[in-house]
Amino acid sequence: MNKTASLTTSLQPLSLPDFSGIEAEQLISVLRKCELGEGEDILQNFEKDFKKLANVNYCVPVSSATSGLHLALLALEVGENDEVICPTFTFAASAFPILYQKATPVFVDSEKDTWNISPEYLEKAIKSRILAGKKPRAIIIVHSYGNPAKIASLLEIANHYQIPIIEDAANALGSTYNNLQVGTFGTIGVFSFNRNKIISGGAGGSVITNNKVISEKVRYFAHQAKSNLAYYHHENIGYNYGLSPILAEIIRLQLPTLEKRILLRRYQFDNYLKGYHSEATFQNEANNSFSNRWLTVFKYNSKPFPPEYHHVWKPLHTQPVFEKSLYFGNQESVEFFNLGVALPFLRNNIGQ
Ligand SMILES: *Cc1c(COP(=O)(O)O)cnc(C)c1O
């Protein structure tokens, strides 16, 4: 345990928050507004700006992407013994909420172009589970390390089988497909503003959707499942998953700088590409896709993992905690893990 902890902390952090554009008066002002009971107005400003940025009808500010994904499952009424499809090559937080709901993850491996969920394996998984009498209740897709998944093919499959998509766009703010923000293609999209994301409140998240009923359910479960009555009335188990107005304002103040942040990350990606292209394979952008290049990851063509680097995600179907899950694929993500490295985003190296 201790050995692992010291190993990871001795590595350069992958991505740190950048609060440089925020002025002291802006922080004081939000604290004063909270004292005056204006927290709700601050949250509404956040919602308004985020909806505009993502070009979407509804936004619910939440405490994290993990809670946002949990709320997405609650809003879609995923429960005990249901099955939910999820990429195996992702951060565990994409799939933990499936377990919170006592549902079963069905892990699907990646295609080698974008490193995201393979449409081919996805369709195999759906067909196979339908044959077993267990049609999946939802499909979680992830835009890994900011790189959009093959959205057109995934949507076609999901529409054909009539299964809702939840987009874990936690690290993909500013990444687009056909010039539209990823996270707006599925029924629900989820973003993170945790410490290492491209825009950060230290913690935080948001859930977006164009479906009014879904947005209302997400808001309801995020705020202790309080019925709309004059007194406290609860018909369901609720959660305390709302976003603090203080964090909402810290996040909102950074939104206008998103484009500049993406330029820096893409610039650094290009430099890494120049440095390593002869010995490694990088994530490709699919047709009509644009990645924010949140983090650069690559896979050495032959060299084993060098210990001075960060690992990429260890596939979830190989994790002890997900032992009882199903898996469709050909171990592509195991190869990513064995040969892959994640490179730090070094803000100060860019010479802005
Ligand atoms: C960061 C991240 C999460 C978790 O976000 P939190 O806000 O920390 O809960 C989930 N999924 C992916 C793909 C992430 O990168």
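Just above sits the structure.
Residues numbered from 1 in each chain as written. Predicted model: local features only at pLDDT ≥ 70, side-chain atom pairs only at ≥ 80, totals over all residues. Heavy atoms only, no water.

Section: the pairing of strand β2 (residues 83–87)
Here is step 1 of the chain: Counting buried residues in β2 gives 5 out of 5 residues, a clear majority hidden from the surface.
Here is step 2 of the chain: Burial along β2 is two-sided: the residues E83, I85 and P87 and V84 and C86 are all buried.
Here is step 3 of the chain: Bridging between β2 and strand β4 (residues 138–142) involves 2 bridges; their strand directions are parallel. Across the sheet, I85 pairs through a bridge with I139, a residue of β4. (Buried < 20%, exposed > 50% of the residue type's maximum accessible area, 1.4 Å probe, protein only. Helix = DSSP H or I, 4+ residues; strand = E, 2+ residues; numbered from the N terminus. Pairing = 2+ DSSP bridges.)

Observations concerning the packing of helix α6 (residues 119–131) against helix α7 (residues 151–161)
Here is step 1 of the chain: Axis separation between α6 and α7 bottoms out at 9 Å; the angle between their running directions is 15 degrees. If you check the angle between α6 and α7, you find them roughly parallel. With respect to the hand of their crossing, α6 and α7 are arranged in right-handed fashion. Within the contact between the two elements, α6 uses P119, L122, E123, I126, K127 and I130 and α7 uses S153, L154, I157 and Y161. (Axes fitted to C-alpha atoms, helices over the stretch in contact; angles between N-to-C directions. Parallel < 35°, antiparallel > 145°, perpendicular 65-115°, else oblique. Left-handed = near helix turned anticlockwise from the far one by under 90°. Contact = heavy atoms within 4.5 Å.)

Quick look at a nonpolar patch on the surface
Here is step 1 of the chain: On the surface, I28, L31 and I246 cluster together into a nonpolar patch covering about 220 Å² of accessible area.
Here is step 2 of the chain: Examined against the element boundaries, I28 turns out to sit in helix α2 (residues 24–35). (Patch = residues over 30% accessible without salt bridge, like charges linked within 9 Å, V, L, I, M, F, W, Y side chains within 5 Å. Areas by Shrake-Rupley, 256 points an atom, 1.4 Å probe, with all protein chains shown as cover. Salt bridge = Lys/Arg side-chain N within 4 Å of Asp/Glu carboxyl O.)

Examining the pattern of salt bridges
Here is step 1 of the chain: The final tally for this structure, using the stated rule, is 11 salt bridges.
Here is step 2 of the chain: With its nearest N and O atoms 2.9 Å apart, the salt bridge here joins K150 to D113. Of the two residues, K150 is situated in the loop between β4 and α7 and D113 in the loop between β3 (104–108) and α6; the sequence distance between them amounts to 37 residues.
Here is step 3 of the chain: For K150, a relative accessible area of 24% puts it in the partly exposed group.
Here is step 4 of the chain: For E285, the salt bridge identified is with R266, shortest N-O distance 2.6 Å. One end of the pair, E285, is in the loop between β10 (280–282) and β11 (289–290); the other, R266, is in helix α10 (residues 258–276), with 19 residues separating them in the sequence.
Here is step 5 of the chain: Residue E285 is classed as partly exposed on the basis of its relative accessible area, which comes to 28%.
Here is step 6 of the chain: Its relative accessible area of 22% is what places R266 among the partly exposed residues.
Here is step 7 of the chain: Salt bridges sharing common partners tie together D49, E249 and R252.

Comments concerning the packing of aromatic side chains
Here is step 1 of the chain: Taken as a whole and judged by the stated rule, the model has 20 aromatic pairs.
Here is step 2 of the chain: On the numbers, 5.3 Å between centres and 80 degrees between planes, the contact of F107 with F322 is edge-to-face. Here F107 is found in strand β3, whereas its partner F322 is found in the loop between β13 (310–311) and β14 (326–328), with 215 residues between them in sequence.
Here is step 3 of the chain: For F107, a relative accessible area of 0% translates into the label buried.
Here is step 4 of the chain: For R265, the ring lying beneath its charged end belongs to F345, and the centroid distance is 3.9 Å.
Here is step 5 of the chain: The aromatic ring of F269 is capped on one face by R293, whose charged end is 3.6 Å from the ring centroid. (Phe/Tyr/Trp six-rings, centres within 6.5 Å; stacked < 30°, edge-to-face > 60°. Lys NZ or Arg CZ within 6 Å of the ring centre and 35° of its normal.)

Geometric descriptors of this kind do not, in isolation, establish any biological role.
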